[in-house]
Amino acid sequence: MTVLDKLSGAMDRRDEAPNVALAGDIAARHDLAAVAELAGAVRSGPTRQANDAIKVLYEIGARNPELIAAQCPVFLEALHSANNRQVWGAMTALDTVAERRADALVAELPAIIAAADKGSVIAKDHCNSILVKLARAGYGAKAVPILVERLKTAAPNQFPTYAEEIAPVLTPEARPGFLAVLKDRLAKIGQESKRKRVEKLMAKLNG
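First, a word on scope: everything that follows refers to the structure included in this document. All residue numbers refer to positions counted from 1 along the written sequence of the respective chain. In keeping with the model being predicted, local features are shown solely for residues with a pLDDT of at least 70 and side-chain atom pairs are shown and tallied solely at 80 or more, while totals for entire chains, interfaces and linings include all residues. Excluding hydrogens and water, the side-chain values take into account all heavy atoms of the structure.

Moving on: the nonpolar core. Counting 75 residues, the largest nonpolar core has Ile26, Leu38, Ile60, Leu105, Leu151, Phe178 and Leu182 as the members making the most contacts within it. Among all residues touching leucine 38, those that are not within four sequence positions of it are Val3, Leu4, Leu7, Ile26, Ala53, Val56, Leu57 and Ile60. Working definition of a nonpolar core: buried Ala, Val, Leu, Ile, Met, Phe, Trp, Tyr and Cys residues. They are joined through side-chain atoms within 4.5 Å. We call a residue buried when its accessible area falls under 20% of the maximum for its residue type, exposed when it is over 50%, and partly exposed in between, using a 1.4 Å probe and counting protein chains only. We call two residues contacting when some pair of their heavy atoms lies within 4.5 Å.

Laid out in structure tokens, this is it:
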């Protein structure tokens, strides 16, 4: 029984439990051969198998990012897929390894941002997180201006969360622009709880 035989689809299951259990097992055993087999399925397997495989890979990444870090080229390829599940799955996987593979991901930022812009809310969430992690990894001068610019058009539901994630990695140069975005968007936030979060963040930064 190969690792691919243990995927949800191969077991005729509609839930993700077998995929999550498989990820836990592979992570516990540090099974790089299984990771490589899953990456091959993402690259060339049928749709259901590829979707299951990328799920297992990002679940492994959540447990032990180093195990999937070498598969960044596969995830970057998947960003160009017509299959939205592959796109946000790849973005999720890249998010888990962003600080470990910062050099590689900075070079691929145009592709990452393009995939987020055409993708789901999940893809956008992970794009923001990837950029924050790149800033933490020493690429603040590159990542923070992009973060602030993207914040201007962030969806209202995501805006407070993105702002809170960005604040700890702000560079001195980006701080005035960031505060200006918060001030501009504040009046347009309808939900009181979200508005209070932004007000609290502004007060902290101005304090």
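Between N-to-C directions, angles span 0 to 180 degrees; the directions come from axes that are lines fitted to C-alpha atoms, helices contributing only their stretch in contact. We count a stretch as a helix when DSSP gives it H or I for four or more residues in a row; a strand needs E for two or more, and each element gets its number in order from the N terminus. Taken N-terminus to C-terminus, the directions of helix 9 (residues 121-151) and helix 10 (residues 159-166) make an angle of 20°; their axes are 10 Å apart at the nearest point. The orientation of helix 9 relative to helix 10 falls into the category roughly parallel. Classified by chirality, the crossing of helix 10 by helix 9 is right-handed. Two secondary-structure elements touch here, helix 9 through Val121, Lys124, Asp125, Asn128, Ser129, Val132, Leu147 and Leu151 and helix 10 through Phe159, Tyr162, Ala163, Glu165 and Ile166. Charged residues are taken to be Asp, Glu, Lys and Arg, nonpolar residues to be Ala, Val, Leu, Ile, Met, Phe, Trp, Tyr, Cys and Pro, and polar residues to be all remaining types, Gly included. Per-class residue counts for the contact of helix 9 with helix 10 are eight nonpolar, two polar and three charged. Working definition: roughly parallel below 35 degrees, roughly antiparallel above 145 degrees, roughly perpendicular at 65 to 115 degrees, and oblique for all remaining angles. A clockwise turn of the near helix away from the far one marks a right-handed crossing, whereas an anticlockwise turn of less than a right angle marks a left-handed crossing.

The phi angle at aspartate 12 is positive, at roughly 60°, despite the residue not being glycine. Relative to the elements of secondary structure, aspartate 12 occurs in the segment before helix 1 (17-29). With a phi angle near 50°, histidine 30 is a residue other than glycine that sits in the positive phi range. Locating histidine 30 in the fold gives a position in the loop between helix 1 and helix 2 (32-44).

Turning to helix 12 (residues 192-206), a few remarks are in order. When the terminal C-alpha atoms of helix 12 are compared, their 21 Å separation across 15 residues agrees well with the 21 Å that a helix rising 1.5 Å per residue should span. On the buried face of helix 12, the contacting elements are helix 10 and helix 11 (175-186). Given a helix with a known number of residues, its expected span is that number minus one, times 1.5 Å.

When two helices pack together, their arrangement is given by the angle between their axes and by how far apart the axes lie. Contact geometry of helix 6 (residues 84-97) with helix 9 gives a least axis separation of 9 Å together with a crossing angle of 20°. As summarised for this structure, helix 6 and helix 9 are arranged roughly parallel, according to the angle between their axes. As for how helix 6 packs across helix 9, the hand of that crossing is left-handed. Packed against helix 6, whose contacting residues are Trp88, Met91, Thr92, Leu94 and Asp95, the element helix 9 presents Ile122, Ala123, His126, Cys127, Ser129, Ile130 and Lys133 at the interface. For the contact of helix 6 with helix 9, a count of residues per class yields seven nonpolar, three polar and two charged.

On to the side chain of aspartate 52, then. Looking at the element boundaries, aspartate 52 is found in helix 3 (residues 47-63). With relative accessibility at 3%, the residue aspartate 52 sits in the buried group. Leaving out residues up to four positions away in the same chain, aspartate 52 has contacts with Leu7, Ser8, Gly9, Glu16 and Asn19.

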